[in-house]
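Structural features, examined
If you want the building blocks of each chain, they are given just below.
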Amino acid sequence: MLKIDLALPHSYEIEELPELPGTGTFDVPLLYFPRPKGRPEHDGLWLKIRTATGRSWIGVFAFGYQSPPAFSRVVSSLDPNRVCVISRGGAYLVKTDEPESWEQVPIVPVLDIRLIPEHQLLVLADFTRLVAYSSGGLAWRSPQVCWDELKILSVTHNTIEGVGYDPTNLGESRFVVDIRTGRSLLPSPVSADGRPLW
């Protein structure tokens, strides 16, 4: 079942469409995110959005990743008119009252999402990197911070900290990023000749 988390103030209603109408047509606009290339439609998460003005539309959000651990979730964002939709790891931020104003989160698959209210940030992570959004849009992108299997363990006043898989020692390595800039606060691992690996 799709998790819909609208804990932040928001100006819209949203629901998953469990089935298509028998007629095959809708009485509201049908929009695809992103717009399909080479065919009229694509597989994705079907959602019906109703704005504060009463206008409704249906969005089909393309799946980003077909395998676990990708998940689907709907989360209210720091902008009360914008929703964050995660569709099997593909993430989209859409202005509900102007659905043509949207962006795709630049990491796939999104495997973790954290709201950090004290910094007014929505942070998303894939296997190796983090991105953060403020109410004004993309705030920062971290560099690669691990080899694989990124896990956020804690958020402090100044940092986001976690671990990831490290094949060089068959275990885990730590990462720490600055919560304001996304800059890595730990050095990158180095190759045998001393060059940073990322």
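Preceding block: the structure.
Now for a quick tour of the structure. Remember, it's a predicted structure, so these values are computed and weren't measured experimentally. (Residues numbered from 1 in each chain as written. Predicted model: local features only at pLDDT ≥ 70, side-chain atom pairs only at ≥ 80, totals over all residues. Heavy atoms only, no water.)

It is worth spelling out the pattern of salt bridges at this point. Inspection of every chain in the model, using the stated rule, returns five salt bridges. For Asp126, the salt bridge is made with Arg129, and the minimal N-O distance between the two is 3.2 Å. Between Arg174 and Glu161 there is a salt bridge whose closest N-O contact spans 3.8 Å. Of this pair, Arg174 sits in strand β16 (residues 171–178) while Glu161 sits in strand β15 (residues 159–166), and the two are 13 residues apart along the sequence. Residue class for Arg174 comes out exposed when judged on its relative accessible area of 53%. Given a relative accessible area of 22%, Glu161 falls into the partly exposed group. (Salt bridge = Lys/Arg side-chain N within 4 Å of Asp/Glu carboxyl O. Helix = DSSP H or I, 4+ residues; strand = E, 2+ residues; numbered from the N terminus. Buried < 20%, exposed > 50% of the residue type's maximum accessible area, 1.4 Å probe, protein only.)

Taken together, the four strands give an open sheet; going across it, the order is β2-β4-β5-β3, and neighbouring strands pair in mixed fashion. Taken across any chain shown, the strands that pair with only one partner, and hence form the sheet edges, are β2 (12–16) and β3 (30–33). The mean angle between the axes of side-by-side strands here comes to 25°, regardless of whether they run parallel or antiparallel. Looking at chain direction, β3 and strand β5 (residues 56–62) are connected through four bridges and run parallel. (Pairing = 2+ DSSP bridges. Axes fitted to C-alpha atoms, helices over the stretch in contact; angles between N-to-C directions.)

Here we come to the packing of aromatic side chains. Taken as a whole, this structure holds seven aromatic pairs when the rule is applied. A centroid spacing of 6.1 Å and a plane angle of 55° characterise the contact between Tyr92 and Trp102, whose relative ring orientation is tilted. Note that Tyr92 is positioned in strand β8 (residues 90–95) and Trp102 in strand β9 (residues 102–104), a separation of 10 residues in sequence. Judged by relative accessible area, which is 1%, Tyr92 ranks as buried. With a relative accessible area of 30%, Trp102 lands in the partly exposed category. Members of the aromatic cluster, joined through ring pairs, are Phe33, Trp57, Phe61, Tyr92 and Trp102. Here the basic side chain of Arg88 rests over the ring of Phe63, its NZ or CZ set 3.8 Å away from the ring centre. (Phe/Tyr/Trp six-rings, centres within 6.5 Å; stacked < 30°, edge-to-face > 60°. Lys NZ or Arg CZ within 6 Å of the ring centre and 35° of its normal.)

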